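Results of the structural survey
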Amino acid sequence: MSVTFLSIGDCFNGSGRAYIYILFSKKFNLAYIGETNDRNGVLGRLIGHVNKTGTFRKQIFQRRGILLEEISDLVLFAYLLPQESNYTSEEKVYRRGVEYLVQERLREICGDLSPFLYIVSYVQYSDTASFRSTSKIATLISENFIERYNNKL
Amino acid sequence: MSFEAIELNAARICDGLRKIGYTPPTAITDIVDNSVQSDAKNIYIKAQAIVQSDSRRDNVKSYLIIDDGYGMDSDGIKDALTLGASDQNYDPDSLSKFGLGLKSAAFSQGEQLEVVSSNGNSPFQKYIVSLPEVRKRNEYGASKAELSQKDKNLISDYLPDKRGTIIRIAKIRANNHPSIRSTFKELSTKIGIIYYYMMSDNSVKMFLVDIDGKKLECKPFDVLFTDEAENNGDLDENSWDGRQTMWVERKREITLDPAENIKAQIEVTQLPHPPTFEENQAKIRQQYMIGAKNYGYYVYRNKRLLSWAETFDIIPRDQDLYSFRGRILIDSTADEVFNIDVKKSQLYPSEEARNAINDLADKHKRKSSKAWQNAGAILKRKQSQNPNNKSNEIIDTIDIPEELSSHPLVAEDYPEVEKRQADLEKREKKRAQEIAKINYTEDPKLSQSAPTNLDDMTDEQIEKGVLTGEIQHDDRIHHVSNTEDNCLWEPFYFNGRDCVRINKLHRFSRVVYEDNKNNSSLIILFNLFLLHASVAEYFVLRKTKTKYPVGEIEEILAEYRRITTDYLANLCREAGDSLPKD
């Protein structure tokens, strides 16, 4: 019998909230960065990722040739964005700005991490990435992730 | 299991080698690589004509590449002539790769390769590889030869220290071979770019020697014009007027292969926008080499150009990207992730390397094309063709009625209208302060001139903080990068008039202003529609007779805008490419 312990906090709550999340597997050296304002938070978004046509499922297969079912050590980091309409509204330009900067930073240092990481998500540049506020949030997220990853979580 | 050696067909191998796609300039520069590698201080490229004319096709007798590098003795020459020359002498930052360059480059142009060399410790030696001889014998090899008088003259003219190497490609094939002038023209441009790093630190000088013996020194040429970018700073694509070279991305590291931790350096500049220079645009195009074949990434391996304006199938063919210049610097450690062909002019990045470049390229493309469009818009404004300018002009020519016949006001209504107007002006003044504060904080360029106390700004400072980018004092339609609650538009009372702030970052705005940038009619009508939606909102707040408190109506109208904004964002996401475009 295998037991999975999962601490989900309140990342199922997407009401008036938005998140940047990072999914990663150390065994397969891969990480996926995304953003969501899903009504059911990051957990709600995850359901979309693991279904047949989910982007995460698709990307890990296309970019690394790995089937989602092969991954047994998936870890999820969820970062709550400021609860302001810039970040929580349907228009994702601000969330995308943060997502872009986090991915850019992780791409930069993915070979220096131990173990190294392949970034399997694709991100589009958003004009808000040049804003100081988005840059500040992205730095907090990426540095927190790097610190935790290097300290074995 | 036994192993049996199988003979090589020397003649066919040599014929195959010569057909891997060299042009005269690429063949010559591949041989120049060896000269650079041999620590030469001076390299001369010389062509000899059959008849004394540099403009005639099929008129090249031989090409000579002469360098004063460390030279070779007999064994060194024979090693250099081996197919697959030894890599024992290749240092980690070598320009050489397969030990085939000299032979394949020479045979691609001529039937005979001659090497005359001395390392200074022994007399000059000469070896000749003749393809007719190889074909006749079906055996690869070189003949030792005596120095001719011409060889002796070349040594005396170009190698005063009696050390160095002369490579002669002789018996040039006359099968539509380009003229010396056209080859030299291409070389005179490209050599300065290919060897930019070596030439700019003065470690090597390169000369083209024409058929009259006249020397032309090639100068280093930085295709990114980084000195200019360094003086001008970072690109703000929303305000760039197209006149200066700016940084899109200052030099930074990217990881090409996380598993091997292979890195590259990448930098990107935005060159001037030629149409901005109007009658001088041809000069600007020429000066900065702006054209369809020259934008993209210039990939340098060990500081030698490998690939010219590489697009990696990532950078599309789009005129809005003409000012985009990128450079990727790799060293030999990246050879496995950038598969490089024998003639070292084409490369094929691994999927991982391509993904890494692709993510960054998305930023480069977006900033560069937006900046190009912005410079075009500024030019059109100057020429009175800018649709946003036109929208403001149209609105200036009409009277927006203060009363509507459908909503008549009587004398006793006016005190209430005036009170509401006073409240509105107070609220909107506060809003203008908020907007200025956000712009001074968020905009890296504006923040340099931000007032010390953003909570206590003068009217002048507020106006400067509100009128960002291309917005003029009298404009009523403002295209901005932030609105309250990230709405598509918001009404704004400014300069004593009802205005509108349109969020140009919203996806629906991008469909209108970017995907349909050539559709001026659509843009003008969209601008005027949103201005009138804002004027109408103010009308309701000032003049509608209602039993509900004005504050509640204002909140409902704001909610209506937020919901419209969300629906339009959803429309763009769901409909995506099916929305109309230019």
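Residues numbered from 1 in each chain as written. Chains lettered and ligands numbered in written order. Predicted model: local features only at pLDDT ≥ 70, side-chain atom pairs only at ≥ 80, totals over all residues.

A short note on the overall build of chain B
Let me state the cut-off plainly: Labels follow the DSSP assignment, with helices taken as runs of H or I lasting at least four residues and strands as runs of E lasting at least two, numbered in each case from the N terminus. The atom set for the radius of gyration is the C-alpha atoms, and the globule formula is 2.2 Å times the number of residues raised to the power 0.38. Residues with at least 20 other C-beta atoms within 10 Å of their own are called buried, those with 12 or fewer are called exposed, and the rest are partly exposed. The C-beta atoms themselves are positioned from the backbone. Once C-beta atoms are placed from the backbone, any two residues with those atoms within 7 Å are in contact.
Check the secondary structure of chain B and you find 17 helices and 18 strands. In terms of C-alpha radius of gyration, chain B reaches 33 Å, well past the compact-globule figure of 25 Å for 582 residues. A burial count over chain B gives 38% of its 582 residues as buried. Here the contacts in chain B between residues at least 6 apart in sequence split such that 67% fall between residues at least 24 apart.

Quick notes on the overall build of chain A
Broken down by element type, chain A carries five helices and four strands. Here chain A has a C-alpha radius of gyration of 15 Å; the compact-globule value for 153 residues is 15 Å, and the two agree. Here the C-alpha coordinates of chain A stretch approximately 45 × 35 × 30 Å along the principal axes. Looking at chain A as a whole, 47% of its 153 residues are labelled buried. Pairs at least 24 residues apart make up 72% of the contacts formed inside chain A by residues separated by at least 6 positions.

Quick look at the sheet that holds strand 4 (residues 118-119) of chain A
Residues and elements named next belong to chain A. Defined as follows: When DSSP finds two or more bridges between two strands, those strands count as paired. Lines fitted to the C-alpha atoms define the axes, with helices restricted to the stretch that makes contact. Angles between their N-to-C directions range from 0 to 180 degrees.
Taken in spatial order, the four strands make up an open sheet running 3-1-2-4, and their pairing is mixed. Two strands lie at the open edges of the sheet, namely strand 3 (75-80) and strand 4, each paired on one side alone. As paired elements, strand 2 (residues 30-36) and strand 4 share two bridges and run parallel to each other. Pairing of A31 across the sheet is with I119, part of strand 4. Lying on the sheet, helix 2 (residues 55-64) is in contact with strand 1 (19-25), strand 2 and strand 4; it crosses strand 2 at an angle near 145°.

Describing the domain arrangement of chain B
Applied cut-off: Here the bounds of each domain stem from an automatic or database domain assignment.
Splitting chain B by domain gives domain 1 (10-217), domain 2 (226-375) and domain 3 (385-578). Measuring from the centre of the C-alpha atoms in domain 1 of chain B to the corresponding centre in domain 2 of chain B gives 31 Å.

So, the environment of D456(B)
Turning to its location among the elements, D456(B) is positioned in the loop between helix 13 (414-442) and helix 14 (459-466). Measuring from C-alpha to C-alpha, the distance between D456(B) and E555(B) comes to 27 Å, with 99 residues separating the pair along the chain.

Things to note about the packing of helix 13 of chain B against helix 16 (residues 520-543) of chain B
Residues and elements named next belong to chain B. Rules: Working rule for angles: under 35 degrees goes down as roughly parallel, over 145 as roughly antiparallel, 65 to 115 as roughly perpendicular, anything else as oblique.
Where helix 13 meets helix 16, the axes come as close as 8 Å, and the angle between the chain directions of the two elements is 125°. As summarised for this structure, helix 13 and helix 16 are arranged oblique, according to the angle between their axes. Together, V417, R420, Q421 and L424 of helix 13 and L541, R542 and K543 of helix 16 make up the contact between the two elements.

Some thoughts on the environment of E217(B)
Residues and elements named next belong to chain B. Note on placement: E217 falls in strand 8 (residues 215-217). Sequence spacing of E217 and R420 is 203 residues, and the spatial spacing of their C-alpha atoms is 76 Å. Each residue touching E217, except ones within four places of it in the same chain, is listed here: K205 and F207.

Some points on helix 12 (residues 387-397) of chain B
Among the residues of helix 12 of chain B, those classed as buried are P387(B), N388(B), N389(B), S391(B), N392(B) and I395(B). Residues of helix 12 of chain B that are buried sit in contact with helix 11 (351-382), strand 16 (477-480) and helix 16 of chain B.

A short note on the environment of N9(B)
Residues and elements named next belong to chain B. Assignment of secondary structure puts N9 in the segment before helix 1 (10-17). Given 13 C-beta atoms within a 10 Å radius, N9 is considered partly exposed. C-alpha separation for the pair N9 and E139, spaced 130 residues apart in sequence, amounts to 7.5 Å.

A look at the interface of chain A and chain B
In this complex, chain A contributes 27 residues to the contact, which on the side of chain B involves 29 residues. Counting residues per element, the side of chain A that touches chain B draws most heavily on helix 4 (residues 93-109) of chain A, at six residues.

Re the pairing of strand 1 of chain A
Residues and elements named next belong to chain A. Judged by how many residues are buried, strand 1 sits mostly within the fold: seven of seven residues are covered. Because side chains alternate across strand 1, one face comprises the buried residues Y19, Y21, L23 and S25, and the other comprises I20, I22 and F24, equally buried. Two strands pair when backbone bridges link them, and strand 1 and strand 3 are joined in this way by six bridges, in the antiparallel orientation. Note that in strand 3 the partner of Y19 across the bridge is L80.

What about the sheet that holds strand 7 (residues 205-209) of chain B?
Residues and elements named next belong to chain B. Spatial ordering of the open sheet is given by 5-4-3-6-2-1-7-8, a layout of eight strands whose pairing is mixed. Lying at the two open borders of the sheet, with one neighbouring strand each, are strand 5 (143-145) and strand 8. Put simply, the sheet's adjacent strands are angled 20° from each other on average, direction ignored. Examined bridge by bridge, strand 4 (residues 125-130) and strand 5 share three bridges and lie antiparallel to one another. In the sheet register, I128 faces strand 5, and the bridge partner there is S143.

With respect to unusual backbone geometry
Apart from glycine, the bulk of residues carry a negative phi angle, and the bulk of peptide bonds sit in the trans form. The peptide bond linking S114(A) to P115(A) adopts the cis configuration, its omega dihedral lying at -5°. Here P115(A) is to be found in the loop between helix 4 and strand 4. Positive phi, close to 50°, is recorded for K171(B), a residue that is not glycine. For K171(B), the position within the fold is in strand 6 (residues 164-172). In this structure, D313(B) is a non-glycine residue whose phi angle is positive, near 55°. Looking at the secondary structure, you find D313(B) in the loop between strand 12 (304-310) and strand 13 (324-330).

As for the nonpolar core
Operational definition: Note on terminology: a nonpolar core is any set of buried Ala, Val, Leu, Ile, Met, Phe, Trp, Tyr and Cys residues joined through C-beta atoms within 7 Å.
One finds I28(B), I31(B), I65(B), Y195(B), V204(B), L256(B) and V299(B) to be the most contacted residues of the largest nonpolar core, which totals 95 residues. Residue contributions to this core peak at ten residues, all from helix 11 of chain B. Each of domain 1 (10-217) and domain 2 (226-375) of chain B contributes no fewer than three residues to this core. Those residues in contact with I31(B) that sit more than four places away from it in its chain are I65(B), L102(B), A105(B) and I167(B). Counting residues in hydrophobic clusters, the runner-up holds 42 residues, among them I33(A), Y100(A), V102(A) and L106(A).

Points about the confidence of the model for chain B
Applicable threshold: In predicted models, pLDDT denotes the confidence assigned by the predictor to each residue on a 0 to 100 scale.
Predicted confidence across chain B gives a mean pLDDT of 91, with 97% of residues reaching 70 or more. When the elements of chain B are averaged for pLDDT, strand 14 (residues 338-340) of chain B gives the smallest value, 80, and helix 9 (residues 226-232) of chain B the largest, 97.

Things to note about the packing of helix 2 (residues 24-37) of chain B against helix 4 (residues 101-109) of chain B
Residue and element names in this part refer to chain B. Formally: It is the rotation of the near helix from the far one that decides the hand of a crossing: anticlockwise by less than a right angle makes it left-handed, clockwise makes it right-handed. Amino acids outside the nonpolar list (Ala, Val, Leu, Ile, Met, Phe, Trp, Tyr, Cys, Pro) and the charged list (Asp, Glu, Lys, Arg) are all regarded as polar, and Gly is one of them.
For the pair helix 2 and helix 4, interaxial distance at closest approach is 9 Å and the crossing angle is 150°. Taken together, the axis directions place helix 2 and helix 4 in an arrangement best described as roughly antiparallel. Considering how the two elements wind past one another, helix 2 and helix 4 form a crossing that is left-handed. Residue-level contacts link P24, A27, D30, I31, D33 and N34 of helix 2 to G101, L102, A105, S108 and Q109 of helix 4. Classifying every residue of the contact of helix 2 with helix 4 by side-chain character gives five nonpolar, four polar and two charged.

Observations concerning the pairing of strand 13 of chain B
Looking along a regular strand, one sees the side chains alternate between the two faces of the sheet. All names here are of chain B. Here strand 13 lies mainly inside the structure; six of its seven residues are buried. Here strand 11 (residues 296-301) runs beside strand 13; their pairing, made up of six bridges, is parallel. Among the inter-strand pairings, Y300 is bridged to a residue of strand 13, identified as L329.

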